[in-house]
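The primary structure of each chain is shown beneath.
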Amino acid sequence: MATASIYRPRKRPTSSLIQEKFIQCFTGSSQFYIPLSTAFFTPNNASFTSVLQSTAQNLRYLVPSMPKPEFIITPQHESQVQASVICAKRLDIHLRVRSGGHDYEGLSYVSQIESPFVIVDLSKLRSIKVDIQDNSAWVEAGATIGEVYYRIAEKSNIHGFPAGLCTSLGIGGHITGGAYGSMMRKFGLGADNVIDARIVDVNGRVLDRAAMGEDLFWAIRGGGGASFGIILEWKIKLVPVPATVTVFTVTKSLEQGATKLLYKWQTVADKLDEDLFIRVIIQTANAGKNNAKTVRTSYNALFLGNAERLLRVMQQSFPELGLTGKDCTETSWIKSVLYIAGYSSNTPAEILLQGRSTFKNYFKAKSDFVKEAIPETALEGLWKRLLEEDSPLMIWNPYGGMMARISESQIPFPHRQGTKFKIQYLTLWQDEDNASKHFDWIRRLYNYMAPYVSMFPRGAYVNYRDLDLGMNKNINTSFIEASLWGVRYFKDNFMRLVKVKSRVDPNNFFRHEQSIPPLPVQARY
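Residues numbered from 1 in each chain as written. Predicted model: local features only at pLDDT ≥ 70, side-chain atom pairs only at ≥ 80, totals over all residues. Heavy atoms only, no water.

### Digging into the UniProt feature "domain: FAD-binding PCMH-type" (unreviewed entry) in the chain
Keep this limit in mind: UniProt positions are given in the numbering used here, feature names are shortened, and annotations may be inferred rather than shown by experiment. Only DSSP runs of H or I covering at least 4 residues are called helices, and only runs of E covering at least 2 are called strands; the numbering of each starts at the N terminus.
According to UniProt, the "domain: FAD-binding PCMH-type" (unreviewed entry) feature falls on residues 65-241. With 26% helix and 24% strand, residues 65-241 has end C-alpha atoms that lie 47 Å from one another.

### Some words on the sheet that holds strand β18 (residues 421-429)
To keep it simple, the criterion reads: Here a strand pair is declared whenever DSSP counts at least two bridges between the two strands. Axis definition: a line fitted to C-alpha atoms, limited for helices to the stretch in contact. Angles are taken between N-to-C directions and run from 0 to 180 degrees. In what follows, a contact means two residues having at least one pair of non-hydrogen atoms within 4.5 Å.
In space, the seven strands of this open sheet follow the order β15-β12-β14-β13-β17-β18-β16, with antiparallel pairing throughout. With partners counted over all chains shown, the strands left at the sheet margins are β15 (329-331) and β16 (362-370), one partner each. Strand-to-strand, the axes of this sheet are offset by a mean angle of 20 degrees, without reference to chain direction. In terms of strand pairing, β16 meets β18 through nine bridges, oriented antiparallel. Bridge assignment links Ser367 to a residue of β18, and that residue is Gln424. Against the sheet, helix α10 (residues 258-268) engages β12 (245-253), β13 (276-287), β14 (292-303), β17 (392-398) and β18, with an angle of about 30 degrees to β14. Helix α15 (residues 435-449) rests against β16, β17 and β18 of the sheet, and its axis sits at about 160 degrees to β18.

### A closer look at the nonpolar core
Cut-off, in case you're wondering: Residues enter a nonpolar core if they are buried and are Ala, Val, Leu, Ile, Met, Phe, Trp, Tyr or Cys, with the set joined through side-chain atoms within 4.5 Å. The buried label applies to any residue whose accessible area, calculated with a 1.4 Å probe on protein chains only, is under 20% of its type's maximum; exposed applies above 50%, and partly exposed to all values in between.
Grouped together as the largest cluster of nonpolar side chains are 151 residues, with contacts concentrated most on Ile220, Ile236, Trp265, Ile278, Phe318, Leu382 and Trp396. Ile278 has contacts with Phe248, Trp265, Leu272, Tyr299, Asn300, Ala301, Met314, Phe318 and Pro398, leaving out every residue within four places of it along the chain. Counting residues in each nonpolar core, the second largest holds 20 residues, with Phe41, Val51, Val110 and Trp429 among its members.

### Overview of helix α12 (residues 333-340)
Three- or four-residue spacings in an α-helix give side chains the same orientation, since the helix completes a turn every 3.6 residues. The buried count for α12 comes to six of eight residues, which makes it a mostly enclosed element. Looking at the buried residues of α12, the elements they touch are α5 (145-155), β7 (159-160), β12, β13, β14 and β15. Directly after α12, the chain includes Gly342, whose backbone phi takes a positive value near 95 degrees.

### Here we look at the packing of helix α1 (residues 15-29) against helix α4 (residues 78-91)
Relative orientation and spacing of two packed helices are given, respectively, by the angle between their axes and the distance between those axes. Going by this rule: For classification, angles of less than 35 degrees are called roughly parallel, those exceeding 145 degrees roughly antiparallel, those between 65 and 115 degrees roughly perpendicular, and all remaining angles oblique. Left-handed describes a crossing whose near helix is turned anticlockwise from the far helix by less than a right angle; the clockwise case is right-handed. Three classes are used, and their members are as follows: Ala, Val, Leu, Ile, Met, Phe, Trp, Tyr, Cys and Pro are nonpolar, Asp, Glu, Lys and Arg are charged, and the others, Gly among them, are polar.
Following both chains from N to C, one finds α1 and α4 inclined at 135 degrees, their axes separated by 9 Å at the closest point. The orientation of α1 relative to α4 falls into the category oblique. Remark: the crossing between α1 and α4 carries right-handed chirality. Every residue of α4 that contacts α1 at Lys21, Phe22, Cys25, Phe26 and Ser29 is listed here: Gln80, Ala83, Ser84, Ile86, Cys87, Ala88, Arg90 and Leu91. Class assignment of the residues belonging to the contact of α1 with α4 gives a composition of eight nonpolar, three polar and two charged.

### Focus on the packing of aromatic side chains
Selection criterion: When the centres of two rings from Phe, Tyr and Trp lie within 6.5 Å, Trp using its six-membered ring, the rings pair. Their planes under 30 degrees apart give stacked, over 60 give edge-to-face, and anything left gives tilted. Definition used: whenever NZ (Lys) or CZ (Arg) falls within 6 Å of the ring centre and also within 35 degrees of the ring normal, the charge is taken to sit over that ring.
Evaluated as defined, the whole model comprises 24 aromatic pairs. On the basis of an interplanar angle of 15 degrees and a centroid distance of 5.0 Å, the ring pair of Tyr104 and Tyr464 is categorised as stacked. Taken together, the residues span a long stretch of sequence, with Tyr104 in the loop between β3 (94-98) and β4 (117-121) and Tyr464 in the loop between α15 and α16 (479-490) at a distance of 360 residues. Since its relative accessible area comes to 14%, Tyr104 is described here as buried. Where Tyr448 meets Tyr452, the ring centres are 6.0 Å apart and the plane angle is 55 degrees; that geometry is what we call tilted. The exposure class assigned to Tyr448 is buried, which follows from its relative accessible area of 17%. If you follow Lys366 out to its NZ or CZ, it ends over the ring of Tyr446, 4.6 Å from the centre. In this arrangement the basic side chain of Lys422 is found over the ring face of Tyr461, its NZ or CZ atom lying 3.9 Å from the centre.

### Remarks on the environment of Ala153
Within the secondary structure layout, Ala153 lies in helix α5. Each C-alpha atom of the pair Ala153 and Ser37 lies 36 Å from the other, and the pair is 116 residues apart in sequence.

### Some thoughts on the sheet that holds β4
Taken together, four strands build an open sheet; the order of strands is β1-β2-β4-β3 and the sheet is mixed. Bordering the open sheet on either side are β1 (40-41) and β3, each of which pairs with just one other strand. Pairing geometry for strand β2 (residues 72-73) and β4, over two bridges, is parallel. Each residue of the ladder has a partner; that of Ile73, found in β4, is Val120.

### Let's talk about the domain arrangement of the chain
Stated formally: Throughout, the edges of the domains are those of an automatic or database domain assignment. Simply put, the buried area is the total loss of 1.4 Å probe accessible area from both parts when two parts are fitted together. Salt bridges are identified by distance alone: a Lys or Arg side-chain nitrogen within 4 Å of an Asp or Glu carboxyl oxygen. Pairs of N or O atoms are called polar contacts if they sit within 3.5 Å, as long as, within protein, a hydrogen donor faces a hydrogen acceptor (for residues adjacent in sequence, only side-chain-to-side-chain pairs).
Considered domain by domain, the chain is made up of domain 1 (20-121), domain 2 (128-240) and domain 3 (245-330 + 361-449). The gap between the C-alpha centroids of domain 1 and domain 3 is 37 Å. Contact residues are listed per partner, giving seven residues for domain 1 and ten residues for domain 3. When the two sides are added together, the surface that domain 1 and domain 3 hide from each other amounts to roughly 770 Å², 59% of it contributed by carbon and sulfur. At the boundary of domain 1 and domain 3, one finds one salt bridge. The partner of Lys364 in a salt bridge is Glu105, with the nearest N and O atoms 2.5 Å apart. Inspection of the domain 1/domain 3 interface yields six residue pairs in polar contact (both at pLDDT 80 or more). Here the side of domain 1 that touches domain 3 is built from residues that sort into three nonpolar, two polar and two charged.

This is the structure in structure tokens:
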């Protein structure tokens, strides 16, 4: 009878000893010298807290009770990333990797499953080399997607890249989960438009696509971050955009017929002209003479063309919205990026070079994929639940177009043909003490929505990490337990990801609360 492996916590060495041994190893392993004061930040360093919090988005993971790293490494050269892996492996220290800090459950800067741990923060590796003649760009992992957009637009007003709507996303982790945005219906995901990559593997080697092989290259484009190695940079394929695009936002409240309109949107959103992306942002607001609470649905759109053609498309496919010329703004693609990201119309594009987001909240998020239109009666039940919460937010993103034409197995991201739209659920709050109330609310909402979303499995988006779906407990990750969330994120691609993991990182060096597990040794042969 086989016995289960028992996880015995290692005897924790002192912080000073860990730092001393790591620095000794690091300086001997890195080919590129920089003063340690600019690369290492320990809790005794005055800058430690500001560096730790610099790109972290979710305040839930910055509270004093959350585990803190022994130190943070901020490499300025790829050899220092290599040295970080070599030394962490040699000294048996758990490693977390951060490129942008947007991860919803703080997995890149907190370890809830084991300690001691250290953070490799890639924010200083942010070179962007755009080659318009080749329709491509090499982008280092620490650059934000907003910086990438800016550098592309700097070279050409008829080139773009189909990735995230939130411009402070670190591109290293963003693409590992898929990277969707307002051009996904025309060109697919960011990960669908990657043509090469460079990664540091578990042995500290730098591998490009040819050296890593097609299986690993497949896995890192949508298989979730920090399971297979550390992304150094992506080579992305640029896509053509018109010199003039059109944006609009039309808002309808419950009192203005929002329920019937949203039902209609569900029936057409994935069938519209693929140049048109209309997402719906759903929030509560106070309105009317009595300032009563209501629900507002905002139709926020990008059209890859001029307003005249957009109005013809809308009249033919979605006249119920009542779009008029006054609602439309013709602009450049780079200005549309700012518009979709929520910036005011007079904001200069240079704001994209700031890199870091000022948006920080306590929040909890979940996601779903929808294959059949949600009935109006169910929408009315949804409104009732939204009105019970302080700051709820839902974002419905349309699929169809190119998303339906790419095979589910082309990359690990599987939510393709048959998906009408994706739902992101969020609840946001300002006070650490009230967390349980908000958790309870979003879980009840998620349960309510179960009959109306994808089933067997109920899908989820890996870049909206949700630890409610399950989590690894320690280094001895369980394939069976990991399947609980693995099939939700990756469907049938999960097994192929596990096989890649078993080959490239059999001892599970790169791991976190929802990392891809290797197969048990006895199951590999």
